[in-house]
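# Architecture at a glance
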Amino acid sequence: MTRMPAWADAVLVPLFSIIIAALISALVILAIGEDPVAALKLMVEGALMRSSGWGYTLYYATNFIFTGLCVAIAFHARLFNIGGEGQAMIGGLGVALACLYVPWPHWTIALVGATASAALFGAAWAFIPAYLQAKRGSHIVITTIMFNFIASAVLNYVLVNLLRPTGAMDPATARFPEAARLPTFQDMFATADNPLFRGSPANVTFFLAVAACIAFWFLIWRTRLGYEIRAFGHSETAAKYAGISPVRIIVVAMLISGGLAGMMALNTTMGEAERLVMNATEGAGFIGIAVALMGRSHPLGVFLAALLFGFLYQGGAELALWTNIPRELITVIQALVILFTGALDNMVRMPLEKLFLVFGREAR
């Protein structure tokens, strides 16, 4: 049992983890002969100080919100879903089929249909690992990892042999019809006198991601199913004694998890590329693991962590463009954040617990 309040565990532990990761990253930047302060300023300016930079930051954050929620719902059921990447790929296939073969009259209706299709395809891809875990005892980590590779192979085959337009060289579908293209932030907020978000891919899917955070909170903390998921995650034995079916909870939690991952494809496929392409997920399914860990599997924490990783992605692109710092350094920074918020979490938590214990005794 933790010796410090819940707010400290949710706020101070991730905050100090980020600070330590930032300090080590600064040392790495110094080691390659660059100025870490100038690098930070460039990242902030490129990712936060211009509307176009905000557009890219929010675009990346949208992906990470969906995949972070995907991992978080599984965490609440004591499941480790590493298959978000593959589930998002198959979700993209669902988006493409819905947009290409259904004559939608308007993008609002197309968004509803594509959302349902993306969630259905993502959930279907998560069902087999869930069933194997619930019924056969197959480890969810192993099966979801393998299903990522299978999803990549399936998507490659479908794009090359089934959905690629005649005469095209790229392994991609045709562009979606006009009625199935989502408005970008530039379309929504720019004016002739104030051209906001120029050229950025952020689109209306961001608001869907925010709605998913709210729905996640309501599901987990305000519904019977959410209570059963949390109870099962805390103690399978106690949950079984209370009449909660482990098979049902595992399958349902993984279906919701896969559906959330599949919905990420709305942003990349329907919102940005306006067609289905290979590698559209760009590792967002794996970043979702770090987002869920840093966000403590709470939707508000996931939202804030997704913004941080969106900032790192866009800021890293600015560093690669305007300095001699390689883009791979951002991968190093991300890895440090993941390391301290995940694997070395207790390195930060234990000293803080001792401090709160000492101050608690002094207060008494």
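The rules behind each value
- Numbering of residues begins from 1 in every chain and follows the order in which that chain's sequence is written.
- Predicted model: local features are reported for residues with pLDDT of at least 70 only, side-chain atom pairs are reported and counted for 80 or more only, and whole-chain, interface and lining totals are derived from all residues.
- Side-chain measures were taken over the full set of non-hydrogen atoms in the model, leaving aside hydrogen atoms and water.
- Helix numbering and strand numbering both begin at the N terminus, where a helix is a DSSP run of H or I of at least 4 residues and a strand a DSSP run of E of at least 2.
- Computation of the radius of gyration draws on C-alpha atoms alone. For the globule rule, the value is 2.2 Å times the number of residues to the power 0.38.
- To sort residues, take the accessible area from a 1.4 Å probe on protein chains only and compare it with the maximum for the residue type: under 20% means buried, over 50% means exposed, and anything in between is partly exposed.
- By definition, a salt bridge exists where a carboxyl oxygen of Asp or Glu is found within 4 Å of a side-chain nitrogen of Lys or Arg.
- Axis definition: a line fitted to C-alpha atoms, limited for helices to the stretch in contact. Angles are taken between N-to-C directions and run from 0 to 180 degrees.
- By definition in this entry, angles of less than 35 degrees are roughly parallel, angles greater than 145 are roughly antiparallel, angles of 65 to 115 are roughly perpendicular, and the rest are oblique.
- Put simply, a crossing is left-handed when the front helix is turned counterclockwise from the back one by less than a right angle, and right-handed when it is turned clockwise.
- Each residue is assigned to one class: nonpolar for Ala, Val, Leu, Ile, Met, Phe, Trp, Tyr, Cys and Pro, charged for Asp, Glu, Lys and Arg, and polar for all the others, Gly among them.
- A contact between two residues is defined here by any heavy atoms of the two lying within 4.5 Å.
- We call Phe, Tyr and Trp rings a pair once their centres come within 6.5 Å, taking the six-membered ring for Trp, and we label the pair stacked below 30 degrees between planes, edge-to-face above 60, and tilted otherwise.
- Placement of a charge over a ring requires the Lys NZ or Arg CZ to be within 6 Å of the ring centre, with the centre-to-atom vector within 35 degrees of the ring normal.
- Here, nonpolar core means buried Ala, Val, Leu, Ile, Met, Phe, Trp, Tyr and Cys residues that are tied together by side-chain atoms lying within 4.5 Å of each other.
- Expected span, for any helix, means 1.5 Å times one less than how many residues it has.

### Focus on the overall build of the protein chain
From N to C terminus, the protein chain includes 15 helices and 0 strands. Taken over the C-alpha trace, the protein chain has a radius of gyration of 21 Å; the compact-globule value for 364 residues is 21 Å, and the two agree within 12%. With the principal axes as the frame, the protein chain shows a C-alpha extent of 75 × 60 × 35 Å. By the burial criterion, 50% of the 364 residues in the protein chain qualify as buried.

### Concerning unusual backbone geometry
Look at F197: it is not a glycine, yet its phi comes out positive at around 55°. The residue F197 is located in the loop between helix 7 (185-189) and helix 8 (205-222) in this model. Even without being a glycine, R296 presents a positive backbone phi close to 55°. Turning to its location among the elements, R296 is positioned in the loop between helix 12 (284-294) and helix 13 (299-322).

### So, the pattern of salt bridges
Oppositely charged side chains are able to pair whenever their charged atoms sit close together. Summed over all chains, the structure comprises 8 salt bridges. Measuring nitrogen to oxygen at the nearest pair gives 2.4 Å for the salt bridge that ties R175 to E274. You can see R175 sitting in the loop between helix 6 (140-163) and helix 7 and its partner E274 sitting in the loop between helix 11 (246-273) and helix 12, a full 99 residues away along the chain. Under the relative-accessibility criterion, E274 is labelled buried at 15%. By sharing partners, the salt bridges in this structure join R175, E178, R181 and E274 into a single network.

### What to know about the packing of helix 5 (residues 107-136) against helix 11
It is the contact of helix 5 with helix 11, at a shortest axis distance of 6 Å, that shows an interaxial angle of 140°. With respect to each other, helix 5 and helix 11 are oriented oblique. The handedness of the crossing between helix 5 and helix 11 is right-handed. When grouped by side-chain class, the residues that make up the contact of helix 5 with helix 11 number 18 nonpolar, 6 polar and 1 charged.

### Thoughts on the packing of helix 2 (residues 36-48) against helix 13
At their nearest, the axes of helix 2 and helix 13 sit 8 Å apart, and the two run at 115° to each other. Two packed elements cross with a definite hand, and for helix 2 against helix 13 that hand is right-handed. Contacts between helix 2 and helix 13 involve A39, L42, M43, V44, G46, A47 and L48 from the first element and F311, L312, Q314, G315, G316, E318, L319 and W322 from the second. Here the contact of helix 2 with helix 13 is built from residues that sort into 10 nonpolar, 4 polar and 1 charged.

### So, the environment of N161
Relative to the elements of secondary structure, N161 occurs in helix 6. Each C-alpha atom of the pair N161 and A239 lies 47 Å from the other, and the pair is 78 residues apart in sequence.

### Examining the environment of L260
Checked against the element boundaries, L260 lands in helix 11. Residue classification places L260 among the buried residues on the basis of a relative accessible area of 11%. In this structure the C-alpha to C-alpha distance between L260 and G68, which are 192 residues apart in sequence, comes to 8.9 Å. Setting aside chain neighbours within four positions, we find L260 in contact with F66, L69, C70, I73, A212 and F216.

### What to know about the environment of S51
Residue position: S51 is located in helix 3 (residues 51-76). Distance in space between the C-alpha atoms of S51 and L352 is 38 Å, their sequence separation being 301 residues.

### Side note on the packing of aromatic side chains
Working definition: an aromatic ring pair is given by the centre-to-centre distance plus the angle between the planes. Applying the stated rule across the entire model yields 14 aromatic pairs. Measuring from centroid to centroid gives 5.3 Å for Y60 and Y313, while their planes differ by 55°, and the two rings are tilted. One end of the pair, Y60, is in helix 3; the other, Y313, is in helix 13, with 253 residues separating them in the sequence. Look at F189 and F197: their rings are 6.0 Å apart centre to centre, the planes differ by 50°, and that puts the pair in the tilted class. The partly exposed category is assigned to F189, whose relative accessible area is 38%. Grouped by ring-pair contacts, the aromatic residues F185, F189, F197, F206, F207 and F303 constitute a single cluster. Seen from the ring of F232, R78 lies directly overhead, with NZ or CZ sitting 6.0 Å from the centre.

### Quick word on the nonpolar core
The biggest cluster of nonpolar side chains holds 103 residues, and the ones touching the most others in it are F64, V95, M270 and F309. It is helix 3 that contributes the most residues to this core, 13 residues altogether. Every residue in contact with V95, bar those within four places of it in the chain, is listed here: A114, S117, A118, F176, A265, L266, T269 and M270.

### Looking at helix 13
Between its first and last C-alpha, helix 13 extends 34 Å over 24 residues, near the 34 Å set by a 1.5 Å rise per residue. Burial within helix 13 is extensive, with 17 of its 24 residues counted as buried.

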